[in-house]
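Chains, contacts and geometry: an overview
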Amino acid sequence: ELTLADATFEFLDALEHLRPFGNQNPAPVLAVRGVGVDSTSVVGELGAHLRAVLRSGNVSLRAIGFGLGDRLDDVRPGMSYDVAFRLRGDVWNGRRRLQAEIIDLRPTGAA
């Protein structure tokens, strides 16, 4: 468990030391609690994937939930969520960016 502010390139670089990931050594699943969700949309063929921006104070993190497009109506701005995710980095147009790969999310306080 970490705060959204802890999800940095430095943290991602530290996670890279745990590689190689595979069946016997799965990539770490991280959790943040009580984060807001800014813009949401679906992407991919038939809207299969959920795209969102996670926010905590002035910190934001782009996120994608593969296969979670059907949850779009369950994720509302203004509500607070607990999110399980894998932290990923990518390069787009020569610029390095962080992204949360959402594994699951639920409203904060839900059992």
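What comes next concerns the included structure.

Parameters and conventions
- Residues numbered from 1 in each chain as written.
- Predicted model: local features only at pLDDT ≥ 70, side-chain atom pairs only at ≥ 80, totals over all residues.
- Heavy atoms only, no water.
- Core = buried A, V, L, I, M, F, W, Y, C linked by side-chain atoms within 4.5 Å.
- Buried < 20%, exposed > 50% of the residue type's maximum accessible area, 1.4 Å probe, protein only.
- Helix = DSSP H or I, 4+ residues; strand = E, 2+ residues; numbered from the N terminus.
- Contact = heavy atoms within 4.5 Å.
- Pairing = 2+ DSSP bridges.
- Axes fitted to C-alpha atoms, helices over the stretch in contact; angles between N-to-C directions.

Before going further, it helps to spend a moment on the nonpolar core. Ranked by internal contacts, the top residues of the largest apolar core, which has 24 residues, are V32, L54, L61, V83, F85 and L87. Contributions of two or more residues to this core are made by α1 (9-16), β1 (30-43), β2 (49-56), β3 (59-65), β4 (80-92) and β5 (95-107). Not counting chain neighbours up to four residues away, the residues in contact with L54 comprise L4, V35, G36, V37, V59, S60, L61, A63, V83 and A100.

A word on the pairing of β1. As paired strands, β1 and β4 are joined by five bridges and run antiparallel to one another. Residue pairing across strands places V35 opposite Y81, the latter belonging to β4. Where β1 meets β2, six bridges bridge the pair, whose relative direction is antiparallel. If you follow S41 over to β2, its bridge partner there is R51. The loop that links β1 with its antiparallel partner β2 comprises five residues; one of these, G44, has a positive phi angle of about 90°.

The strand order β1-β2-β3-β5-β4 describes a closed barrel built from five strands, whose pairing is mixed. Between one strand axis and the next, the sheet turns through 45° on average, direction left out of account. Inspection of the sheet shows β3 paired to β5 by two bridges, in the parallel sense. The residue bridging A63 from the neighbouring strand is A100, located in β5. This element, α1, spans β1, β4 and β5 of the sheet and lies at about 80° to β5.

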